[in-house]
Amino acid sequence: MSATNVLTVAAEGGVIGDGRTGANLALGVGLIGVAIGWLALARVASRISTGNARTGAMSAMAVGLVGTALAALHLATSSGGPGTGNGIVGAIAAIPLGLIAIALGWRTLAHSRRTERTADRFEHEREFGSTS
């Protein structure tokens with residue numbers, strides 16, 4: 001099965017289930033992405049000392065992208081409108097969750113780059129003395 005077929009089947013709710021299954025899947029993936037992004041941002045801010053913040057940021061961005069893609073695919077393949085039981089409202093709610101996960105991952109990467117540059121500068125000053 002190709003990746004396109006897998007995403008289409010997932011967005012349509014799988015082989016079994018009602019029309020809301022694909023939207024619920026996209027919502028779940030989006031929420032997981034937001035949680036990963038929040039934890040990665042907490043790691044880079046030194047509130048949690050376990051794990052690698054850059055890996056968490058990349059994971060949050062990837063999961064957020066998948067959640068957004070699933071939600072958009074569900075919206076594109078669903079018939080009817082809001083209130084018909086096809087999961088349109090859930091898919092609409094899942095898109096911002098995926099985008100929030102991507103934004104949290106992006107912010108974590110930017111913060112970790114800044115932190116690395118500051119740490120390198122302090123290490124350089126400690127090794128060679130102050131330049132000013």
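Residues numbered from 1 in each chain as written. Predicted model: local features only at pLDDT ≥ 70, side-chain atom pairs only at ≥ 80, totals over all residues. Heavy atoms only, no water.

A. Region of the structure containing the overall build of the protein. Across its full length, the protein carries four helices and zero strands. Element order for the protein, N to C, with α for helix and β for strand: α-α-α-α. The buried share among the 132 residues of the protein stands at 30%. In the protein, the proportion of contacts linking residues at least 24 apart, taken out of those at least 6 apart, comes to 67%. A total accessible area of about 8000 Å² is found for the protein, and carbon and sulfur atoms account for 64% of it. (Helix = DSSP H or I, 4+ residues; strand = E, 2+ residues; numbered from the N terminus. Buried < 20%, exposed > 50% of the residue type's maximum accessible area, 1.4 Å probe, protein only. Contact = heavy atoms within 4.5 Å. Areas by Shrake-Rupley, 256 points an atom, 1.4 Å probe, with all protein chains shown as cover.)

B. Spotlight on helix α2 (residues 20-44). Between its first and last C-alpha atoms α2 spans 36 Å; for 25 residues at 1.5 Å apiece the expected length is 36 Å, and the two agree. Of all the positions in α2, only G22, A23, A26, V29, G30, G33, V34, G37, A40, L41, A42 and V44 are classed as buried. Phi turns positive, to about 65°, at S46, one or two residues after α2. (Expected span 1.5 Å × (residues − 1).)

C. Expanded view of the packing of α2 against helix α3 (residues 53-77). Remark: α2 packs on α3, axes separated minimally by 8 Å, with the N-to-C direction vectors making an angle of 160°. Here α3 runs roughly antiparallel to α2, going by the angle between their axes. Considering only the axes of α2 and α3, their crossing is left-handed. Residues G22, A23, L25, A26, V29, I32, G33, I36, G37, A40, R43 and V44 of α2 touch α3, and the partners they reach there are A53, G56, A57, S59, A60, V63, V66, G67, L70, A71 and H74. (Axes fitted to C-alpha atoms, helices over the stretch in contact; angles between N-to-C directions. Parallel < 35°, antiparallel > 145°, perpendicular 65-115°, else oblique. Left-handed = near helix turned anticlockwise from the far one by under 90°.)

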